[in-house]
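Structure at a glance
Here is what each chain is made of, one letter per residue.
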Amino acid sequence: MKTIIEPFKIKSVEPIKFTTKEEREKILVEAGYNPFMIKSEDIIIDLLTDSGTSAMSALQWAGIMQGDESYAGSKSFFRFEKVVKEITGKKFIIPTHQGRAAEKILFSILGGPGKYFPNNTHFDTTRANIEFTGAVAEDFLTELGKHPEIPGDFKGNMDVEALEKFIIEKGAENIPLVMITVTNNSGGGQPVSMQNIKDVRAVCDKYGIPLFLDACRFAENAYFIKLREKGYGDKSVKEIAQEMFSYADGATMSAKKDALVNIGGFLAMNDEQLAMNARNILIVTEGFPTYGGLAGRDLEAIAQGLEEVLDENYLRYRIKSTEYLGNKIREAGIPILEPPGGHAIYIDAKRFAPHIPPHQYPGQSIVCELYLEGGVRSVEIGSVMFGKYDKATGKLISPPMELVRLAIPRRVYTQSHIDYLAEVIIEVYKKRDSLKGYKIVYEAPMLRHFTAKFEPIEG
Ligand SMILES: *Cc1c(COP(=O)(O)O)cnc(C)c1O
């Protein structure tokens, strides 16, 4: 087979500023050993997130110029609405400024104390928006999804039996909706199978509960179904996406992922009363229903991006280039979460640096070293991000996994960038025994990973 090349030519470029290792040492100290605090211009390859970091196409930029900025009834809204309806099949489409705004509106209507919301794995903003209303967010990830070292085709699936048991236990009347996140972002970008969506749908039907998709990466998920699920190899990704949505009563979406734009989102649904309630909140918090929290030009760019993301040449490149990085570093012996996900590769920090205990933040140590070695910015997903202190003893309670996430922005980096990246990771792996643990010297009371300051533990 021939090399899978980037399915685009580059018309507009953004220069990368190169730094030396000495400069990076200084920058890292000034940032308190926290890459969130480094200026983006001091980064060579930025893998902090795939959210809002996509490169837009010439047609999307053309759409920006064609945006209709009318307050009401904008032409751009109708184009956006038509494309979203076509893919999701939903009757009511509500634009929002990003995914969490859609979540905020949905859960402020359906949430509240005594309510429960099951998901395969809630993304952190979804969980926060549910808990903010006093409701409970509960995860039902399939057992296989909890084992980072075991490969599998659909490790994002929901545990349907556990879901049904939970519904019986809590009472269907206390569960306003069930949600499935495709792909499962917090679980390593792993896909959910069509069969699993159907099975969850059947349970929802049995108890009269609506099903919503958290559809941020619906196209990547649909492409995995095409590659891996029996009976879908000959279907188009668009048909597969349409079938996925057909089992749902609605969806929330962050356009910053699979709509290939830098800002935006939407809420889609079939229930007219729910849509009316949502629009009433939208008007107070986001804007008039034909623009939500966005400019007309943003709606144009989203509409165009949603058409481009279903191009199978794009998706082949997208999924294969993420896998390419995973394969390359796995071949060098580096432990990763298996198999490679759609939007990111996760290094298993516990196995990479077993000499650093969780309370000395092995993931943070690798993140710092990747920056020093090659100007690469990644993010720790482990004890720094999710660690909690035991109230009685003050001891750190670590989450089950210590990971370093390398999220790949869409259409931004070429294969030589990825080759360079693999070289940097392999170089750090070679000297893994010399990696030091870290201690936190400053932390905020909430979401500490954004602003925490660290120091290496000497000796
Ligand atoms: C990014 C994301 C969100 C939130 O979207 P924002 O646009 O960042 O507000 C919700 N769910 C999942 C799965 C996401 O990846």
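Up top is the structure these notes are about.
Remember, predicted model here, so these are calculated numbers, not experimental data.

Basis of the calculations
Residues numbered from 1 in each chain as written. Predicted model: local features only at pLDDT ≥ 70, side-chain atom pairs only at ≥ 80, totals over all residues. Heavy atoms only, no water. Pairing = 2+ DSSP bridges. Helix = DSSP H or I, 4+ residues; strand = E, 2+ residues; numbered from the N terminus. Axes fitted to C-alpha atoms, helices over the stretch in contact; angles between N-to-C directions. Contact = heavy atoms within 4.5 Å. Core = buried A, V, L, I, M, F, W, Y, C linked by side-chain atoms within 4.5 Å. Buried < 20%, exposed > 50% of the residue type's maximum accessible area, 1.4 Å probe, protein only. Domains from an automatic or database assignment. Near = heavy atom within 4 Å. Polar contact = N/O pair within 3.5 Å; in protein donor to acceptor, adjacent residues only side chain to side chain. Areas by Shrake-Rupley, 256 points an atom, 1.4 Å probe, with all protein chains shown as cover. Nonpolar A, V, L, I, M, F, W, Y, C, P; charged D, E, K, R; others polar.

1. Notes on the sheet that holds strand 9 (residues 344-348)
- Strand order in the open sheet formed by three strands is 9-14-11, and the pairing between neighbours is antiparallel. Every interior strand has two partners, whereas the edge strands, strand 9 and strand 11 (379-381), have only one. The sheet shows a mean angle of 35 degrees between the axes of neighbouring strands, direction not considered.
- Relative to strand 14 (residues 403-407), strand 11 is paired through three bridges, and the arrangement is antiparallel. Paired with I381 across the two strands is L403, which belongs to strand 14.
- Its contacts with the sheet place helix 14 (residues 362-374) against strand 11 and strand 14, and it is angled at close to 40 degrees to strand 14.

2. Regarding the nonpolar core
- Ranked by size, the top nonpolar core spans 64 residues in total, and within it V178, I180, V200, F218, M244 and L306 carry the most contacts.
- With six residues, the top contributor of residues to this core is helix 8 (residues 218-228).
- Residues lining this core come from more than one domain, with at least three contributed by each of domain 1 (21-50 + 311-456) and domain 2 (58-308).
- Those residues in contact with M244 that sit more than four places away from it in its chain are V182, M194, I197, L213, F218, N221, A222 and I225.

3. Digging into the site of the ligand
- Every one of the 14 residues lining the ligand counts as a neighbour, but R100, D214, R217, S254 and K257 are closest to it.
- Here an oxygen atom of the ligand sits 2.9 Å away from a polar atom, N or O, in the main chain of G99.
- One nitrogen or oxygen atom from the side chain of R217 is found 2.8 Å from an oxygen atom belonging to the ligand.
- Burial of the ligand by the surrounding chains reaches 98%, relative to a free accessible area of 380 Å².
- In terms of residues, the shell around the ligand owes the most to one element, helix 4 (residues 99-110), which gives three residues.
- Of the residues belonging to the shell around the ligand, the class tally is two nonpolar, six polar and six charged.

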